[in-house]
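# Chains, contacts and geometry: an overview
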There are 2 protein chains.
Amino acid sequence: MASDPLPSWQETGPRAALLDFVARVSDPDHADFVPAPERIAVFDNDGTLWSERPTYFQLLYARDRLNQKAGEDPALLENEVMRAVAEGDWDGAFSGGYEGLIGVVTVSHSGMTVEDFQTDVRDWLAGARHPETGRRYTDMVFAPMLELMALLRDAGFTVWIVTGGGVHFVRAFAAETYGIPPERVVGSTGPIEYRTEPGPPRIFKLPGLEFMDDGPGKPVGIDRQIGRVPIFAAGNSDGDYAMLEYVTSAPGPRFGLLVHHTDAEREFAYDRDVALGALERGLIDAEGRGWCVLDMARDWSAVWPER
Amino acid sequence: MASDPLPSWQETGPRAALLDFVARVSDPDHADFVPAPERIAVFDNDGTLWSERPTYFQLLYARDRLNQKAGEDPALLENEVMRAVAEGDWDGAFSGGYEGLIGVVTVSHSGMTVEDFQTDVRDWLAGARHPETGRRYTDMVFAPMLELMALLRDAGFTVWIVTGGGVHFVRAFAAETYGIPPERVVGSTGPIEYRTEPGPPRIFKLPGLEFMDDGPGKPVGIDRQIGRVPIFAAGNSDGDYAMLEYVTSAPGPRFGLLVHHTDAEREFAYDRDVALGALERGLIDAEGRGWCVLDMARDWSAVWPER
Ligand SMILES: [Ca+2]
Ligand SMILES: [Ca+2]
């Protein structure tokens, strides 16, 4: 018998449902067989593939870079949201929703080439440590999700990330961390520009936010970049509701997975009561829509990879 | 000995240069070896993978749909550019550049779901015939380019289309015609919206043009959707100049290919003197930049597939 493909999953419902779905759609003799090119799986990133507390890790990066720049230019912190971010006051930082964060993102995410930005993100990921766990952020990915992605790939799936995070940020580590190449990351984007001066031709990151890959933006991002409807979607917040709805209401076999953060012992426990990224409507509608709700404390035998 | 991978290519320079490049970058023992995930090839579509005379085939589709709608609503043709398109006066149609065509594209390319639009495009492609050759448009793809794409794929390349054409239009036939799946088509886009009413959730095409994947837009489209710099680019007009420049000025082995339409006998002969899609700067700079200029009359033994 082959070794267990999901060793970090308990012998509970989600594990069985996932194995059953993957077996059905990849078996040419099964009525639910789906040809390999259509076997597309999409995963949200923050809170689905890695942790997201005390806030999105990308924002912790932005905070560090903001504080560096504010050392040279203290006027940056005269703005209320900027000051909240610099101080790690996340409720304050989110008081204006995503819109209010554009200024912060502009400071840390524009005014350089894509290449230079991604080098900086990798440097940060290599050195930074999570304030509570002391782990590297890339060591706070979910081991069971790495196993699930491997299971899907072994069954002929193409695995994508569809994230509210910045596309250049997530691409900077997705290949090494998840085995997902840059072209399979769909994310939020700022304006970019092709520049031939000075030096060699490069893509330059400009200020602002152009596309928010969250909520109804997720099906839009999927259409723009994938161009067909995936058959599997995983998320963890109501920002993923439209994506799961889009994926699972199309005809044929479909799988919608919601990660419910219930594990205050090993990770974090939260759903409705967070400033951004809450899960409420998804929990209410999951049963009616046939979505699988994963209870982290009950369904996973391990959360992060062993160090 | 294996059979010739490029039977429609003459024993001239481009054939040898292509075979040499592909062998070098895919040979692990060669100094120019490129790991498979980085072996990305991008092709322009109109004039590079299929013909584009008397005008872009997408515009012939738009013309047919405009004339259908004008039957019910003659006011549509009160606009000058609209009337020019309806009459097949392509110089008149292009008098306002791409911008002037937005109205035409809006009539034929918005107000429906992506799915319905693509079904309509496929229906049109199945029935329509080219005014001069009597061929189906999908029978006016270039046989040598189909061979080249197969050669690249056999050598571990991932082959993409990066087109000024509409992304939904090209995706409607790229899989069947070129073996290129929807997610590997980068193109121009109009605004789209996720709608759950009425009926099942769908992506809906809205009026207007959001992103023109031409000129400096091509490197932008490549960054957005591919996220790394390809090592091979093929085009046929100055709208591909920035793409070839972006691809071939990055370090490492690179290949830039320009298709020069020189074959009035078998296809069409044109370069500088066309209203849209001219090739002038590329021809001037090709030698200095090390780009391979393909002379269709000299370098191809066949143009379209045999019927
Ligand atoms: Ca999330
Ligand atoms: Ca072209």
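This structure is a prediction, so every number in the text was calculated from the model and none was measured.

## Examining the sheet that holds strand β6 (residues 202-205) of chain A
All names here are of chain A. Here three strands make up an open sheet; going across it, the order is β2-β6-β5 and the pairing antiparallel. The sheet is open, and its two edges are formed by β2 (112-113) and β5 (192-195), each paired on a single side. Bridge count for β5 against β6 is four bridges, and the pairing is antiparallel. Directly across from R195, in β6, lies its bridge partner R202.

## Remarks on the interface of chain B and chain A
Each partner contributes residues to the interface: chain B has 28 residues there, and chain A has 28 residues. Note on chain B versus chain A: buried area summed over both sides is about 2,600 Å², and carbon and sulfur give 54% of it. Considering only the side of chain B, the residues that lose the most area to chain A are E183, Y194 and R224 of chain B, jointly responsible for 23% of the buried surface there. In this structure, the connection of chain B to chain A is made through four salt bridges. The residue E183 of chain B makes a salt bridge to R228 of chain A at a minimum N-O spacing of 3.1 Å.

## Concerning the coordination of the calcium ion (ligand 1)
Residue and element names in this part refer to chain A. Around the calcium ion (ligand 1), the protein contributes the donor atoms D44 (OD), D46 (O) and N236 (OD1), at 2.2 to 2.3 Å from the metal centre. The buried category is assigned to D44, whose relative accessible area is 6%. Given the relative accessible area of 10%, D46 is considered buried.

## Digging into the domain arrangement of chain A
All names here are of chain A. Per the domain assignment, the segments of chain A are domain 1 (13-52 + 138-195 + 209-299) and domain 2 (57-127). Computed from C-alpha coordinates alone, the two centres of domain 1 and domain 2 are separated by 26 Å. Facing 17 residues of domain 1, the contacting portion of domain 2 comprises 16 residues. Here domain 1 meets domain 2 over a buried area of about 1,600 Å², counting both sides, of which 76% is carbon and sulfur. Three residues, F169, A172 and L276, lead the burial of domain 1 against domain 2; their summed loss comes to 40% of the area buried on that side. Here domain 1 and domain 2 share zero salt bridges between them.

## Let's talk about the coordination of the calcium ion (ligand 2)
Residue and element names in this part refer to chain B. In the first shell of the calcium ion (ligand 2), the protein supplies D44 (OD), D46 (O) and N236 (OD1), at 2.2 to 2.3 Å from the metal. Going along the chain, you hit the donors of the calcium ion (ligand 2) in the pattern D-x1-D-x189-N. Taken together, the residues D46 in the loop between β1 (40-43) and α2 (57-72) and N236 in the loop between β6 (232-235) and α10 (241-248) connect sequence positions 190 residues apart. Across the pair, exposure class does not vary: D46 and N236 are buried alike.

Rules and cut-offs
Residues numbered from 1 in each chain as written. Chains lettered and ligands numbered in written order. Predicted model: local features only at pLDDT ≥ 70, side-chain atom pairs only at ≥ 80, totals over all residues. Heavy atoms only, no water. Pairing = 2+ DSSP bridges. Helix = DSSP H or I, 4+ residues; strand = E, 2+ residues; numbered from the N terminus. Contact = heavy atoms within 4.5 Å. Buried area = accessible area lost by both parts, 1.4 Å probe. Salt bridge = Lys/Arg side-chain N within 4 Å of Asp/Glu carboxyl O. Donors = N, O, S within 2.8 Å, 3.2 Å for Na, K, Ca; no water. Buried < 20%, exposed > 50% of the residue type's maximum accessible area, 1.4 Å probe, protein only. Domains from an automatic or database assignment.

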